[in-house]
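# Analysis of the macromolecular model
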Amino acid sequence: MKNHKLVFLLSVVVSVLANTTISYGQFDELLDNATIQQIAINGADDLIYDKFRNRLYVSGSIFIRTVDPKTLEVVDTANVGGRANQMAISENGKRVFFGVDDLRGVRFWEPRTDDLGPVIELETFDPGDSVAEDIAAAPGTESTFVVSMDIVNSSGDGDLAVFDGFQEISPRISASANSIVFVNESTMISYNNGSTAHNLDRWSFDGQSLQREQTIQHLFDGFNHKIEGNESTIFFTRCSAADPLTLMGLGMFNVNGFPTSGAVEYIPSENITYFMSGRRLRLFDNETFLLLDEVQLPENVPSSISVLTVAGNGRLAYLGFDGIQFLVGTIEGIPDFDSGLTLLGDIDGNCEVDLLDVAAFVELLVNNLFPIEADVNQDGVVNVLDVPEFVELLNAG
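What comes next concerns the included structure. (Residues numbered from 1 in each chain as written. Predicted model: local features only at pLDDT ≥ 70, side-chain atom pairs only at ≥ 80, totals over all residues. Heavy atoms only, no water.)

### Overview of the nonpolar core
Soluble globular proteins: nonpolar side chains tend toward being buried together. Quick note on the threshold: What we call a nonpolar core is a set of buried Ala, Val, Leu, Ile, Met, Phe, Trp, Tyr and Cys residues that are connected through their side-chain atoms within 4.5 Å. Using a 1.4 Å probe on the protein chains alone, a residue whose accessible area is under 20% of its type maximum counts as buried, one over 50% counts as exposed, and one in between counts as partly exposed.
Formed by 33 residues in total, the largest nonpolar core has its most connected members in Leu-47, Tyr-274, Met-276, Leu-281, Leu-316 and Ile-334. Listed in part, the 14 residues of the second largest apolar core include Ile-120, Leu-122, Ile-135 and Phe-163.

### Focus: the sheet that holds strand β27 (residues 326-332)
Just so we agree on the cut-off: Strands qualify as paired when DSSP identifies two bridges or more between them. Runs of E in the DSSP output that reach at least two residues are strands. Runs of H or I that reach at least four are helices, and both are numbered from the N terminus. Here, axes are lines fitted to C-alpha atoms. For helices the fit covers the stretch in contact, and angles between N-to-C directions go from 0 to 180 degrees.
Pairing within the open sheet is antiparallel, and its 4 strands lie in the order β1-β27-β26-β25. Of all the strands in the sheet, the pair left with one neighbour each is β1 (35-40) and β25 (304-310). Neighbour to neighbour, the strand axes of the sheet diverge by 20 degrees on average, direction disregarded. For strand β26 (residues 316-321) and β27, the ladder comprises 6 bridges, and the chain directions are antiparallel. Within β27, the position partnered with Phe-321 by the bridge is Phe-326.

### Considerations on the pattern of salt bridges
As a reminder, the rule being used: Here a salt bridge means any side-chain nitrogen of Lys or Arg lying within 4 Å of a carboxyl oxygen belonging to Asp or Glu.
Inspection of every chain in the model, using the stated rule, returns 11 salt bridges. Here Arg-53 makes a salt bridge to Asp-50, at a shortest N to O gap of 2.9 Å. Overall, Arg-53 belongs to the buried group, its relative accessible area being 17%. Glu-299 serves as the salt-bridge partner of Arg-279, at 4.0 Å between the closest nitrogen and oxygen. Separated by 20 residues along the polypeptide, Arg-279 in the loop between β22 (272-277) and β23 (280-285) and Glu-299 in the loop between β24 (291-296) and β25 bring together distant segments of the chain. Overlapping salt bridges, with partners in common, bring together Arg-280, Arg-282 and Glu-294 in one network.

### Details of the environment of Ala-241
What counts here: Whether two residues are in contact is decided by their heavy atoms: any pair within 4.5 Å suffices.
Position of Ala-241 among the secondary structure elements: in strand β19 (residues 240-242). Along the primary structure Ala-241 and Ile-227 are separated by 14 residues, whereas in three dimensions their C-alpha atoms are 9.3 Å apart. For Ala-241, the residues in contact, after removing those within four places along its chain, are Phe-220, Thr-233, Ile-234, Gly-249, Leu-250, Gly-251, Phe-253 and Phe-289.

### Thoughts on the sheet that holds strand β2 (residues 44-50)
If you walk across this open sheet you meet the 4 strands as β2-β3-β4-β5, and the pairing is antiparallel. Among the strands making up the open sheet, the edge pair consists of β2 and β5 (74-79). Between one strand axis and the next, the sheet turns through 20 degrees on average, direction left out of account. Where strand β4 (residues 63-67) meets β5, 5 bridges bridge the pair, whose relative direction is antiparallel. Paired with Val-67 across the strands is Val-74, a residue of β5.

All quantities given are derived from atomic positions and should not be read as evidence of function.
Okay, here's the thing in structure tokens:
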């Protein structure tokens, strides 16, 4: 990765000397056809994508709303019994874990059945009511998740705890870990965005408990910024990147100045990263950190963006605030990419549940085969119990 740093530094020098933005000439029209649609959702707090149902979930007020990313129609509204805030979805899409701020706890919701888990009260080392500041679903399980806790009306925050959906399963850790992300089944990264230390920590995870393995200070700097990541790269919403296994800096994406707010989304199938801030959408190459293209978005798009996520193949979705209302939007007309869409019931892989899937579904039942798309009731097997829900998906299109 040393070559990446050299390329990045050279690109910055050239950019300063030429007073121009660096981009690859053959790519600099990639975002020219980007189109926006958006809707207002009262009190929206968080946004996540469910690749198994091709749906967006929006938390806010006492609801989690289900949104069709193609049309931005709110197709379902679940009353979750309290003010829903931060969310994370299990690796198999079966459960959505979320904070319930006014109840000072966390719980889960199952999109398929609309079932709700119990409210688990959050407790920190310092006295005071606590809420979920961030949530990370543990890979390889449908029930385990980690919560970063914030003490209400206090500067104390960032304690960590591990839950299995029904109870806390490990001792709490005083960690100053405000933003958290799993990069694989055994490694979690946290960032302290609430104090001047700005710790970046690497944690080992054995399925039940966390152990701090490494701490680096001031590799990333910035209050209220977040991290996202995968097994190869940690992305920081101030346009920096680091190696998750060594916590060494990899470089900075070539942006003029440091954005005060924004959101990033990495596209593993293309090894590119999108960054959205200040009504601008930028596309970066992950190998060189160079800007491939950028586009100015319409004036009705909020300048303050808190979430950017894939929302189907070749589609992004965002959550922002324009000073008056919260807006959920989608961006299409950008270069196509594979979002990892694994639509339940879509046996033939054409991204729709239609009559073409019927014969394939019957064949799987007869031969006792198990592709994940056919296990539409998500009980771990493909059998006759999946038939009613497959028919329901077929009727819904």
